[in-house]
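Read off the chains here:
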Amino acid sequence: MVALHKFFLIVSLSVWAMSAQAAVYQWKDEQGHIHFSDTPHIGAKKHAIQPLHSIKNPSFNMDKQVLELPYQDVYGSMMVKARINDVLMSFILDTGATLVVISPNMAKQAHIDTRYSKKIILQTANGLVRVPQVMIDSVQVGHWRQQHIQAAVKTVSVQKNIGLLGMSFLKAYRMSIDHQRHIITLEAR
């Protein structure tokens, strides 16, 4: 039980020290207990603290995480699955789209109200259109989730349940495409 308390104390001090950007010193007392402090003591050595993005558990190192996302080739478009506010939907991956675009039907399914939304002008293949701009609470692709993603509400296909997964979501990732395996690889920036 004492060891568990020491572990939590060490973790707490380490996290506090990282957030404060202060130097942390480590030393052993006469009983062999290890201590940490932000003030140096006799015989203390400066303790190296790694930045939070590079902790030793690789599953938490965002700069090393990779997501392989399968896609379907639908008439030359890469179709992927994503969750909007936890509702599974189909999207065309579109790096040319500034925003994520969802249809009015998709907005309704995800409980996104457009009645009081600001109107924006979008450049489309068919010219300029005025559409509602919304903030999506949650967009999830695979196990990666982002919150508060800007989006536009507009029908993009004759099928009412297809959207565009645009750069307001994709800009957080480096992306590569393996057309032979039908895999989109996303790496956190």
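Residues numbered from 1 in each chain as written. Predicted model: local features only at pLDDT ≥ 70, side-chain atom pairs only at ≥ 80, totals over all residues. Heavy atoms only, no water.

Undergrad: Please provide a residue-by-residue account of the nonpolar core, values included.
TA: Core analysis: the biggest nonpolar cluster contains 31 residues, and Phe91, Val100, Ile102, Ile136 and Leu165 have the highest contact counts within it. The residues touching Leu165, leaving out its near neighbours within four places in the chain, are Val80, Phe91, Ile92, Leu93, Asp94, Val100, Val139, Val141 and Leu170. Counting residues in each nonpolar core, the second largest holds 11 residues, with Met79, Val101, Val131 and Ala152 among its members. (Core = buried A, V, L, I, M, F, W, Y, C linked by side-chain atoms within 4.5 Å. Buried < 20%, exposed > 50% of the residue type's maximum accessible area, 1.4 Å probe, protein only. Contact = heavy atoms within 4.5 Å.)

Undergrad: Explain the confidence of the model for the chain to me, using residue names and the numbers behind them.
TA: Mean pLDDT for the chain: 81, with 79% of residues reaching 70 or above. Confidence drops under a pLDDT of 50 for residues 15-20, and excluding neighbours within four residues, the segment shows 7 contacts in the predicted structure. Low pLDDT (under 50) marks residues 52-59, which in the prediction has 10 contacts with non-local residues, meaning those over four places away or in another chain. (pLDDT = per-residue confidence, 0-100.)

Undergrad: I'd like a rundown of the packing of aromatic side chains, residues and numbers included.
TA: The geometry of two aromatic rings is summed up by the distance between their centres and the angle between their planes. Taken as a whole and judged by the stated rule, the model has 2 aromatic pairs. Relative to Tyr173, the ring of Trp144 lies with its centre 4.9 Å away and its plane at 10°, an arrangement referred to as stacked. Here Tyr173 lies in strand E13 (residues 173-178) and Trp144 lies in strand E11 (residues 144-153), a separation of 29 residues in the sequence. One exposure class covers both Trp144 and Tyr173, and it is buried. (Phe/Tyr/Trp six-rings, centres within 6.5 Å; stacked < 30°, edge-to-face > 60°. Helix = DSSP H or I, 4+ residues; strand = E, 2+ residues; numbered from the N terminus.)

Undergrad: Please provide a residue-by-residue account of the pairing of E13, values included.
TA: Sheet topology note: the E13/strand E14 (residues 183-188) ladder contains 6 bridges and is antiparallel. Paired with Ile177 across the bridge in E14 is Ile184. Between E13 and the antiparallel strand that follows it, E14, lie 4 residues; His182 among them carries a positive phi value of about 60°. (Pairing = 2+ DSSP bridges.)

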